[in-house]
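Architecture and fold: a report
Now for the letters of each chain:
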Amino acid sequence: RLFYRWSPDISGESFGEPLEIDNLDATAGYIANLDLWLDAGGAAHLLYYSQNIQSDIMRNRFFPGTPLVRKLEYAIVDKGQVLHRSTLAESVEGKETMGPCWGRFHATADGRLLVVASFVPAGATCWEPGKGSIEDRVIEIRDGAAAGVTALSLREPLTQFFTAAERGGSLPSNTIDLFGVGRESTVLRYARVEVT
């Protein structure tokens with residue numbers, strides 16, 4: 001389950017009741033919070049990963065025949081209400097060759113909102129990507145949906161990474177700085193991407 005709590009003024013008011021963003025209890029699913037970005041109006045943009053069933057072992061025992069579905073989910077929350085939800089990327093076991101596994105927001109200097117995301121082969125995870133192809137992509141968000149996707153041609157693609165985000169003190173920028181791991185979980189890598 002994924003929850004969100006907010007306060008209209010953290011210096012003088014307590015947090016409100018938790019707002020449930022998503023719930024995969026019915027299928028023993030898995031949710032991972034990936035990132036949060038506040039827009040100029042104060043709305044919170046949420047990015048998270050979901051998988052309908054925690055693992056193929058659990059699926060085979062309790063949900064036989066149900067395909068594993070992995071999603072990169074996006075939601076906008078304002079004043080304690082979910083205003084918008086959309087799926088930015090999805091893979092269904094047996095139908096897709098690449099599935100989402102990680103993502104971060106990036107705001108550009110000219111006001112665009114991007115998601116930098118990694119994709120791994122079907123059956124692989126971010127933690128164990130295997131030797132197959134890994135692909136990093138930039139997804140532009142417009143009107144609450146994926147408006148365009150660009151594949152990054154990194155010599156060493158990353159599976160999990162940090163970005164230089166506003167909530168970490170960086171200004172919006174047309175330069176995306178990525179720092180994280182790829183196929184080798186013990187090697188830290190850096191990549192810089194210029195947005196045009």
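Everything below is about the structure shown above.
Residues numbered from 1 in each chain as written. Predicted model: local features only at pLDDT ≥ 70, side-chain atom pairs only at ≥ 80, totals over all residues. Heavy atoms only, no water.

So, the pattern of salt bridges
For clarity, the cut-off: A side-chain nitrogen of Lys or Arg and a carboxyl oxygen of Asp or Glu constitute a salt bridge if their distance falls within 4 Å. When accessible area is computed with a 1.4 Å probe and restricted to protein chains, residues below 20% of their type maximum are described as buried, those above 50% as exposed, and intermediate ones as partly exposed.
This structure, assessed with the given rule, holds eleven salt bridges. A salt bridge links R112 to D110, with the nearest nitrogen and oxygen atoms 3.3 Å apart. E140 is paired through a salt bridge with R142; the nearest N and O atoms lie 3.4 Å apart. For R142, a relative accessible area of 46% translates into the label partly exposed. Residues joined by salt bridges that share partners form a network here, namely E156, E184 and R189.

A short note on the sheet that holds strand β7 (residues 98-107)
Test applied: Whether two strands pair comes down to DSSP finding at least two bridges between them. Runs of H or I in DSSP of at least four residues are treated as helices and runs of E of at least two as strands, each being numbered from the N terminus. Axis lines are fitted through C-alpha atoms, for helices just across the contact stretch, and the angle between N-to-C directions can take any value from 0 to 180 degrees.
Read from one edge of the open sheet, four strands run β7-β8-β9-β10, paired in antiparallel fashion. Each edge of the open sheet is held by one strand with a lone partner, namely β7 and β10 (145-152). Here the strands of the sheet are splayed against their neighbours by 25° on average, with no regard to which way each runs. Pairing geometry for strand β9 (residues 135-142) and β10, over seven bridges, is antiparallel. The residue of β10 that forms the bridge with D136 is L152.

Some details on the packing of aromatic side chains
Basically, it comes down to this: Aromatic rings from Phe, Tyr and Trp, with only the six-membered ring used for Trp, were paired whenever their centres fell within 6.5 Å, and each pair was classed as stacked if the ring planes differed by under 30 degrees, edge-to-face if by over 60, and tilted otherwise. Look at NZ for Lys and CZ for Arg. If either is within 6 Å of the ring centre and within 35 degrees of the ring normal, a charge sits over the ring.
Evaluation of the coordinates by the stated rule reveals two aromatic pairs. With 6.1 Å between their ring centres and 70° between their planes, Y74 and F105 make a pair best called edge-to-face. Of this pair, Y74 sits in strand β5 (residues 69-78) while F105 is found in strand β7, placing the two residues 31 residues apart along the sequence. Residues Y74 and F105 agree in their burial class; the two are buried. The ring of F119 has R137 sitting right over it, with the charged end atom 3.8 Å from the ring centre.

Some thoughts on the nonpolar core
Heads up, the rule is: The nonpolar core is taken to be a set of buried Ala, Val, Leu, Ile, Met, Phe, Trp, Tyr and Cys residues, with the residues joined through side-chain atoms within 4.5 Å. A contact between two residues is defined here by any heavy atoms of the two lying within 4.5 Å.
Grouped together as the largest cluster of nonpolar side chains are 37 residues, with contacts concentrated most on L72, L88, V115 and I176. Ranked by the residues each element gives to this core, the list is headed by strand β8 (residues 113-121), at seven residues. Sequence-distant contacts of V115, that is, excluding residues within four places in its chain, are made with L47, L72, L88, R104, F105, R137, V138, I139 and I141. Listed in part, the ten residues of the second largest apolar core include L2, A44, L46 and V77.

The values reported here are purely geometric and, on their own, carry no functional implication.
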